[in-house]
Amino acid sequence: MPPSSASTSAAEAKPQGASGGVQSLERAFDLLERMADAGGEVGLSELSSSSGLPLPTIHRLMRTLVACGYVRQQPNRRYALGPRLIRLGESASRLLGTWARPYLARLVEETGETANMALLDGDEIVYVAQVPSRHAVRMFTEVGRRVLPHSTGVGKALLANHPPEEVRALLGRTGMPAATEKTITDPDGFLEALADVRRLGYAVDDNEQEIGVRCLAVPVPNSPTSAAISISGPTGRVTEAATDKIVPVLQEVAAQLSVALASQSPA
């Protein structure tokens, strides 16, 4: 006996509802990422303009995110990323660092210098993994440490392919305080340094974060989140001659790490 029209309608409604739920979930995550790209706080009209979604839809999604603790509404009626995201982010960063450690260990083995992995988190760089050099004199950056991107090699590597207007906006929000006398403190100078990164394929921090320390960094291509790896060591060891040998190793390890991270993602 063929199914009744009522049964057919119910069967058809179920997958549509499931599809609608998936679409809402995708839209909610998209809004969270747009908020992060905007510095963590936005208004509904800004989200509507950037996402193309109607205001009622955004308002409904934001109400749900607020109720879950992933977004909070400010006194000025704008929306900000909520504290519940911190726990998720910290857990994800630790896991990412765990996956990266074998690749950083290879960097240490082949270059002799301390190897790091860092992410772009909002307007800051956060170090999520490190394998130290075996040298008695070696660099140490605490995992979890946050720094501004303009004074680091990983910061340059991560921002090199961002549109200039986005980079200027970030620098405007953070300022460009001098960590050392070699720190770039001018937006135009920093954009020129980013052009060098694109041309050369790697970034350099030459005494810009700490006097006596030189760092070489490359982005991890196609990473699920903006990530870079680097080596750092005393300027007496990380010389121009050493750079020619170290950069190809950095680039090869970054490519291998990219493949490994992609294999951890769902198909």
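Summarised in this report is the structure supplied together with it. Please read all numbers here as calculations on a predicted model, not as lab measurements.

1. Structural notes on the sheet that holds strand β2 (residues 71-73)
Phase 1: With antiparallel pairing, three strands are arranged side by side in an open sheet as β1-β3-β2. For this open sheet the edge positions go to β1 (41-42) and β2, each flanked by a neighbour on one side alone.
Phase 2: Examined bridge by bridge, β2 and strand β3 (residues 79-81) share three bridges and lie antiparallel to one another. Looking at the pairing, Val 71 lines up with Leu 81 of β3.
Phase 3: On the sheet, helix α3 (residues 55-68) packs against β2 and β3 and is oriented at approximately 105 degrees with respect to β2.

2. A few points about the pairing of strand β4 (residues 114-121)
Side-chain direction in a regular strand flips from residue to residue, so the side chains alternate between the two faces of the sheet.
Phase 1: Counting buried positions along β4 yields seven of eight residues, so the element is predominantly enclosed.
Phase 2: In terms of strand pairing, β4 meets strand β9 (residues 227-234) through six bridges, oriented antiparallel. In the strand pairing of β9, Ala 118 is matched with Ala 228.
Phase 3: In this sheet, strand β5 (residues 124-131) lies alongside β4 in antiparallel orientation, the contact comprising seven bridges. For Asn 116, the partnering residue across the bridge sits in β5 and is Gln 130.
Phase 4: Where β4 hands over to β5, the hairpin turn is made up of two residues, of which Gly 122 adopts a positive phi near 65 degrees.

Basis of the calculations
- Residues numbered from 1 in each chain as written.
- Predicted model: local features only at pLDDT ≥ 70, side-chain atom pairs only at ≥ 80, totals over all residues.
- Heavy atoms only, no water.
- Pairing = 2+ DSSP bridges.
- Helix = DSSP H or I, 4+ residues; strand = E, 2+ residues; numbered from the N terminus.
- Contact = heavy atoms within 4.5 Å.
- Axes fitted to C-alpha atoms, helices over the stretch in contact; angles between N-to-C directions.
- Buried < 20%, exposed > 50% of the residue type's maximum accessible area, 1.4 Å probe, protein only.

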